[in-house]
Amino acid sequence: MNYRQFARKQIVSIRKTVGAAAVVSALSGGVDSAVTTVLGARALGRRLKVLFIDDGLMRQDEPQTVRKTFARLGIKVTVVQAAPRFFAALAGLTDPEEKRKAFRDTFYKVFSEAVRRSGAEFLLQGTIAADIVETRKGVKTQHNVLDQIGISAKRGYGFTTIEPLRDLYKPGVRKVGRALGLPAAMYERMPFPGPGLSCRVLGEVTPERVAIVRRACFIVEQETARFRKFQAFAVLLADRATGVTRGGRRAFGHIVAVRCVDSKDAITASPTRLPWRVFMKLQQRITREVPGVVKVVYDLTPKPPSTIEYI
């Protein structure tokens with residue numbers, strides 16, 4: 001496929017689809033939404049309103065990083081503070097699918113309100129082929145799939161979705177980003193789940209538990225940065241384990257699992273063969289720097305039978 005030509009066709013298609021209408025782009029900072037937003041900006045210029053929903057479930061310092069990154073591209077990003085709404089929607093939920101669906105409904109309600117305030121008729125979003133396939137097969141509900149599974153975005157939330165990347169898998173999306181001339185740091189970025197760190201908290205999602213896994217993920221990304229891989233992150237497990245404090249006292253604390261995988265398209269994956277010294281550094285930093293963590297384990301499971309994310 002000629003990805004430069006693909007990008008040009010999508011830019012023309014977006015213009016034809018929206019006509020004179022206003023459009024909102026849903027930007028999360030990940031590769032898919034970033035490439036989609038740039039396609040929209042090339043098609044519509046300042047007519048495109050770009051929104052970043054701060055749901056309280058993002059990487060460390062993500063809202064500020066995303067806003068600065070897109071400012072350098074000449075694209076203004078408006079950050080919508082909505083963390084309390086997402087934590088309220090997730091309160092008390094432990095079932096993975098219930099959590100994903102609660103996130104999806106809150107996500108679209110927040111955007112529905114933003115779309116109505118802006119007078120827009122369309123929501124531009126970075127849905128890709130893998131999102132649709134996994135949702136249709138019942139593997140896990142992706143937050144950005146509606147019409148493909150019989151949920152009308154227009155009737156349910158008041159806007160029509162535009163999904164220029166829906167026929168591509170991750171490698172193709174990266175190539176579109178490259179064809180658009182985006183910085184490699186943007187189109188080569190590691191995948192991050194739409195429901196954010198809620199996918200990396202087993203059990204109930206609370207601000208306190210998210211803070212633990214956010215810091216652990218930050219450490220994992222730092223310590224694996226020089227290794228080639230598809231994705232690397234930490235997960236806070238629901239169980240606890242007995243540990244020993246540095247003063248020799250008993251502690252009953254958290255268990256963090258480290259996940260690092262190789263993959264081409266996220267449909268299949270295998271565990272990355274990291275050096276032993278990296279494992280040791282990971283457990284030392286996580287148990288030292290993340291309060292309450294007494295045990296660190298490494299996940300060796302390929303996909304299938306596992307998924308890459310835990311939820």
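Counting restarts for each chain, with residues numbered from 1 along the sequence as it is written. Residues qualify for local features only when their pLDDT is at least 70, as the model is predicted, and side-chain atom pairs are given and counted only at 80 or more; totals for whole chains, interfaces and linings, by contrast, use all residues. Side-chain figures throughout are based on the complete set of non-hydrogen atoms in the structure, without hydrogens or water.

## A word on the overall build of the protein chain
Link 1 in the chain: A run of DSSP states H or I qualifies as a helix once it reaches four residues; a run of E qualifies as a strand once it reaches two. Both are numbered from the N-terminal end. Along the protein chain, the regular secondary structure elements total 11 helices and 9 strands.
Link 2 in the chain: Projected onto its principal axes, the C-alpha positions of the protein chain cover 70 × 40 × 35 Å.
Link 3 in the chain: A sequence separation of at least 24 residues applies to 74% of the contacts in the protein chain between residues at least 6 apart.
Link 4 in the chain: Every accessible area reported is derived by Shrake-Rupley at a probe size of 1.4 Å, with residue values counting cover from the shown protein chains alone. For the protein chain, the accessible surface area stands at approximately 14500 Å², while carbon and sulfur atoms represent 51% of it.
Link 5 in the chain: Under this rule, positive means Lys or Arg and negative means Asp or Glu; His and the chain ends count for nothing. In plain terms, the charge of a residue is placed at NZ if it is Lys, CZ if Arg, CG if Asp and CD if Glu. Of note, the protein chain has its 53 positive side-chain charges centred 6 Å away from the centre of its 27 negative side-chain charges. Here, residues are in contact when the closest pair of their heavy atoms is within 4.5 Å.

## Considering the sheet that holds strand 4 (residues 122-124)
Link 1 in the chain: Two strands make a pair as long as DSSP finds a minimum of two bridges between them. The 5 strands are arranged 3-2-1-4-5 in an open sheet whose pairing can be described as parallel. In this open sheet, the two edge strands, each paired with only one partner strand, are strand 3 (77-81) and strand 5 (160-162). Taken pair by pair, the neighbouring strands of this sheet meet at an average axis angle of 35°, ignoring direction.
Link 2 in the chain: Across 4 bridges, strand 1 (residues 23-26) lies against strand 2 (residues 48-54) in parallel orientation. Across the sheet, Ser 25 pairs through a bridge with Val 50, a residue of strand 2. In this analysis, axes come from line fits to C-alpha atoms, helices being fitted only over the stretch in contact, and the angle between any two N-to-C directions falls in the range 0 to 180 degrees.

## Considerations on the packing of aromatic side chains
Between two aromatic rings, the relevant description is the distance of the centres plus the angle of the planes.
Link 1 in the chain: Two aromatic rings, drawn from Phe, Tyr or Trp (for Trp, its six-membered ring), form a pair once their centres lie within 6.5 Å of each other, and the interplanar angle then sorts them: stacked below 30 degrees, edge-to-face above 60, tilted otherwise. Here the structure, examined in full by the defined rule, presents 9 aromatic pairs.
Link 2 in the chain: Look at Phe 107 and Phe 111: their rings are 4.9 Å apart centre to centre, the planes differ by 65°, and that puts the pair in the edge-to-face class. In this pair, Phe 107 and Phe 111 are both assigned in helix 5 (residues 96-118), 4 residues apart and thus about one turn of the helix distant. An identical accessibility class is assigned to Phe 107 and Phe 111; each is buried.
Link 3 in the chain: When the centroid spacing of 6.3 Å and the interplanar angle of 20° are considered together, the rings of Tyr 157 and Phe 159 count as stacked. Pair check on accessibility: Tyr 157 and Phe 159 agree, each one buried.
Link 4 in the chain: Taken together, the ring pairs connect Phe 86, Phe 103, Phe 107, Tyr 108, Phe 111, Tyr 157 and Phe 159 into an aromatic cluster.
Link 5 in the chain: The rule is short: NZ of Lys or CZ of Arg within 6 Å of the ring centre and within 35 degrees of the ring normal puts a charge over the ring. One Lys or Arg, Arg 200, reaches over the ring of Phe 233 and ends 4.1 Å from the middle of that ring. Throughout this description, buried means an accessible area under 20% of the type-specific maximum (1.4 Å probe, protein chains only), exposed means over 50%, and partly exposed covers the range between.

## Notes on the packing of helix 2 (residues 31-44) against helix 8 (residues 170-179)
The packing of two helices is summarised by the inter-axis angle and the distance between the axes.
Link 1 in the chain: Close contact between helix 2 and helix 8 brings their axes to 10 Å; oriented N to C, the two are set at 40°. When the axes of helix 2 and helix 8 are compared, the pair comes out oblique. As for the relative orientation of helix 2 and helix 8, their crossing is left-handed in sense. Between helix 2 and helix 8, the residues in contact are Val 31, Asp 32 and Val 35 and Lys 170, Val 173, Arg 174, Val 176 and Gly 177, respectively.
Link 2 in the chain: Grouping the amino acids of the contact of helix 2 with helix 8 by side-chain chemistry returns 4 nonpolar, 1 polar and 3 charged. Relative orientations are named as follows: roughly parallel for angles under 35 degrees, roughly antiparallel for angles over 145 degrees, roughly perpendicular for angles from 65 to 115 degrees, and oblique for any other angle. Note on convention: near helix rotated counterclockwise from far helix by under a right angle means a left-handed crossing. Clockwise means right-handed. For this classification, Asp, Glu, Lys and Arg are treated as charged, while Ala, Val, Leu, Ile, Met, Phe, Trp, Tyr, Cys and Pro are nonpolar and the rest, including Gly, are polar.

## Some details on a positive patch on the surface
Link 1 in the chain: To count toward a patch, a residue needs a relative accessible area above 30% and no salt bridge. Like charges then connect within 9 Å, nonpolar side chains (Val, Leu, Ile, Met, Phe, Trp, Tyr) within 5 Å. Only one rule defines a salt bridge in this text: a Lys or Arg side-chain nitrogen within 4 Å of an Asp or Glu carboxyl oxygen. On the surface, a cluster of positive charge is contributed by Lys 49, Lys 76, Arg 116 and Arg 117.
Link 2 in the chain: Of note, Lys 76 is situated in the loop between helix 3 (62-71) and strand 3.
Link 3 in the chain: Given the relative accessible area of 69%, Lys 76 is considered exposed.

## Considerations on helix 5
Link 1 in the chain: In this model helix 5 runs 33 Å from its N-terminal to its C-terminal C-alpha over 23 residues, within 8% of the 33 Å that 1.5 Å per residue would give.
Link 2 in the chain: Capping the start of helix 5 is the job of one residue whose side-chain oxygen sits 3.1 Å from the backbone nitrogen of Glu 97: Asp 95.
Link 3 in the chain: Positive phi shows up at Gly 119, right after helix 5, with a value of about 75°. For a helix, the expected span equals 1.5 Å multiplied by the number of residues minus one. Whenever two N or O atoms come within 3.5 Å, that pair is a polar contact, provided that in protein one can donate a hydrogen and the other can accept it, and provided that, for residues adjacent in sequence, both atoms are side-chain atoms.

## Considerations on the pattern of salt bridges
Link 1 in the chain: Summed over all chains, the structure comprises 14 salt bridges.
Link 2 in the chain: We note a salt bridge from Lys 303 to Glu 134, for which the minimum N-O separation is 2.6 Å. Taken together, the residues Lys 303 in the segment after strand 9 (293-298) and Glu 134 in helix 6 (residues 129-136) connect sequence positions 169 residues apart.
Link 3 in the chain: Classification of Lys 303 as buried rests on a relative accessible area of 9%.
Link 4 in the chain: Here Glu 134 falls in the buried class, since its relative accessible area comes to 9%.
Link 5 in the chain: Notably, a salt bridge pairs Glu 309 with Arg 200, separated by 2.8 Å at the nearest N-O pair. On the criterion of sequence distance, the pair formed by Glu 309 in the segment after strand 9 and Arg 200 in the loop between helix 9 (184-187) and helix 10 (207-223) is long-range, its members being 109 residues apart.
Link 6 in the chain: On the basis of relative accessible area, Glu 309 is assigned to the buried category, the value being 6%.
Link 7 in the chain: Given the relative accessible area of 2%, Arg 200 is considered buried.
Link 8 in the chain: One salt-bridge network, held together by shared partners, links Arg 215, Glu 223, Lys 281, Arg 285, Arg 288 and Glu 289.

## A closer look at the packing of helix 4 (residues 83-90) against helix 5
Link 1 in the chain: Following both chains from N to C, one finds helix 4 and helix 5 inclined at 150°, their axes separated by 9 Å at the closest point. Taken together, the axes of helix 4 and helix 5 lie roughly antiparallel to each other. Of the two elements, helix 4 crosses helix 5, and the hand of that crossing is right-handed. From helix 4, Arg 85, Phe 86, Ala 89 and Leu 90 reach across to helix 5, where they touch Lys 99, Ala 102, Phe 103, Thr 106, Phe 107, Lys 109, Val 110 and Glu 113.
Link 2 in the chain: Residue classes in the contact of helix 4 with helix 5 are distributed as 7 nonpolar, 1 polar and 4 charged.

Just geometry here; none of it tells us what the structure is for.
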